[in-house]
Amino acid sequence: MRRTVDYYFVPQSPWAYLGHARFAALLRETGTPVRVRPMDLGKIFPLSGGLPLQKRAPQRQAYRLLELRRFSEALDIPLHPEPRFFPVAGDPAARLITAVAQHDGDEAAMRLTGAVLAAVWAQQRDIADDATLAALLAETGLDAARLAQSRQPEVQARYDENTQAAIDLNVFGAPSYVIDGELFWGQDRLDFVARRLRA
């Protein structure tokens, strides 16, 4: 029986951006299905002890920028460590990805997720802006109606379900990959994800 990966992330995460293309390639290589599950870290941090970036100690904030540069260079992935539109609210994009997953499937949601992450970190676009989200739908060949649908109660309910599922699985950061109930946190753990999927 093929394994499925539950992919928990927030659409404004630089770490999800740095790992997304490699994760998508791994899924293709291994023929592994994915469930795309945007989550609300704002509801998870109070339970996990995490802090929003602005509330972290200056030393941690400085080191984060250093690590972003290191990973960008090591992976040869373009990234602005301090993009024009960041911090940025992730909920509108998360709901849009959720709506696409509901209507078009997880493969389409993966495609949109990659575009949203790149919009923040490579292109310096505002993913909290409706015009940007509409453009990203068009650029990824998805139905423009998904933007209006992303505001419907059933999409919010699914987004909330994703967040609760993440809490139940002890997810505490993004990106997180869950395989058979086992948690792998961070794009720098994709080697372990690969080992599990290739086993």
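Structural data are supplied above this passage.
Here the structure is a predicted model, which means the values were calculated and not measured. (Residues numbered from 1 in each chain as written. Predicted model: local features only at pLDDT ≥ 70, side-chain atom pairs only at ≥ 80, totals over all residues. Heavy atoms only, no water.)

Quick word on unusual backbone geometry
Reasoning step 1: Here the amide bond leading from F86 into P87 is cis, since omega sits at 0 degrees, within 30 degrees of zero.
Reasoning step 2: When you line up the elements, P87 lands in the loop between helix 3 (58–75) and helix 4 (91–104).
Reasoning step 3: Here the amide bond leading from A174 into P175 is cis, since omega sits at -5 degrees, within 30 degrees of zero.
Reasoning step 4: Relative to the assigned elements, P175 resides in the loop between helix 8 (153–168) and strand 3 (176–179).
Reasoning step 5: Backbone geometry places D76, a non-glycine residue, at a positive phi of 55 degrees.
Reasoning step 6: A positive phi angle, near 55 degrees, is found at Q124, a position not held by glycine.
Reasoning step 7: With respect to the helices and strands, Q124 occurs in the loop between helix 5 (106–121) and helix 6 (130–139). (Helix = DSSP H or I, 4+ residues; strand = E, 2+ residues; numbered from the N terminus.)

Focus: the side chain of D6
Reasoning step 1: Within the secondary structure layout, D6 lies in strand 1 (residues 5–9).
Reasoning step 2: Within polar-contact distance, the side chain of D6 engages the side chain of R35 at 2.5 Å.
Reasoning step 3: The contacts of D6, once residues within four sequence positions are left out, are R35, R37, S176, Y177 and V178. (Polar contact = N/O pair within 3.5 Å; in protein donor to acceptor, adjacent residues only side chain to side chain. Contact = heavy atoms within 4.5 Å.)

Some remarks on the pairing of strand 1
Reasoning step 1: Burial of strand 1 is extensive: five of the five residues sit out of reach of the surface.
Reasoning step 2: On strand 1, burial covers both faces: V5, Y7 and F9 on one face and D6 and Y8 on the other are all buried.
Reasoning step 3: For the crossover from strand 1 across helix 1 (residues 14–30) to strand 2 (residues 34–38), the handedness is right-handed.
Reasoning step 4: Pairing of strand 1 with strand 3, which is carried by four bridges, proceeds in the antiparallel orientation. (Buried < 20%, exposed > 50% of the residue type's maximum accessible area, 1.4 Å probe, protein only. Right-handed = clockwise from strand over helix to strand, strands pointing away. Pairing = 2+ DSSP bridges.)

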